[in-house]
Amino acid sequence: MVTAPDGVTLMWKEATKGDKINLESDSGDSENATAYAFCVLQSPTGQNAEIHLHFHHGVAFFLNGQRVYHKPRGYSDSYDRRHDMFSADLEAGLNRCLI
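The following paragraphs examine the structure supplied in this document. If you're wondering where the values come from, they're calculated on a predicted model, not measured in any experiment.

1. Thoughts on the sheet that holds strand β6 (residues 66–71)
Then, in step 1: With antiparallel pairing, four strands are arranged side by side in an open sheet as β3-β8-β5-β6. With one partner strand each, in any of the chains shown, β3 (38–43) and β6 form the two edges of the open sheet. Between one strand axis and the next, the sheet turns by 20 degrees as a mean value, whatever way the strands run.
Then, in step 2: Pairing geometry for strand β5 (residues 59–63) and strand β8 (residues 93–98), over two bridges, is antiparallel. The partner of Phe-62 across the bridge, within β8, is Leu-98.

Have a look at this one:
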């Protein structure tokens, strides 16, 4: 939990919506804001995974503490959502993801 300069208290909230989360609509007023998502993926074996991301501006994807994907702000040429796909190696067991 953190208190913003305008006095608003911000905190993590759980979003359980299946396989998709919309950080823009879940975070409310998103002008000049950064939103984060954290999840744990369980894999029965070490394997390669295909990750799909949709985003407006910049995005970074961390897997088990390592940045495995990054597109800086301004990467997309238009305001339309950008769709990118990349591969990442999952470890057997639990894999921590931060977007």
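Having seen the structure, we can now continue with the description.
2. A look at the side chain of Ser-43
Then, in step 1: Assignment of secondary structure puts Ser-43 in strand β3.
Then, in step 2: Taking relative accessible area as the criterion, Ser-43 reaches 2% and is therefore assigned buried.
Then, in step 3: Polar side-chain contacts of Ser-43 include one of 2.5 Å to the backbone oxygen of Thr-45.
Then, in step 4: Within polar-contact distance, the side chain of Ser-43 engages the side chain of Gln-47 at 2.8 Å.
Then, in step 5: What Ser-43 contacts, discounting residues up to four positions off in sequence, is Leu-90, Glu-91, Ala-92, Gly-93 and Asn-95.

3. Things to note about the packing of aromatic side chains
Then, in step 1: As enumerated under the stated definition, the model contains two aromatic pairs in all.
Then, in step 2: Relative to Phe-86, the ring of Phe-61 lies with its centre 5.3 Å away and its plane at 70 degrees, an arrangement referred to as edge-to-face. Of this pair, Phe-61 sits in strand β5 while Phe-86 sits in strand β7 (residues 82–90), and the two are 25 residues apart along the sequence. Take Phe-61 and Phe-86: they sit in the same class, and that class is buried.
Then, in step 3: When the ring of Tyr-69 is compared with that of Phe-86, the centres are 4.3 Å apart and the planes differ by 10 degrees; the resulting orientation is stacked. Of this pair, Tyr-69 sits in strand β6 while Phe-86 sits in strand β7; the two residues are 17 residues apart in sequence, bridging distant segments of the chain.

Cut-offs and rules
- Residues numbered from 1 in each chain as written.
- Predicted model: local features only at pLDDT ≥ 70, side-chain atom pairs only at ≥ 80, totals over all residues.
- Heavy atoms only, no water.
- Pairing = 2+ DSSP bridges.
- Helix = DSSP H or I, 4+ residues; strand = E, 2+ residues; numbered from the N terminus.
- Axes fitted to C-alpha atoms, helices over the stretch in contact; angles between N-to-C directions.
- Buried < 20%, exposed > 50% of the residue type's maximum accessible area, 1.4 Å probe, protein only.
- Polar contact = N/O pair within 3.5 Å; in protein donor to acceptor, adjacent residues only side chain to side chain.
- Contact = heavy atoms within 4.5 Å.
- Phe/Tyr/Trp six-rings, centres within 6.5 Å; stacked < 30°, edge-to-face > 60°.

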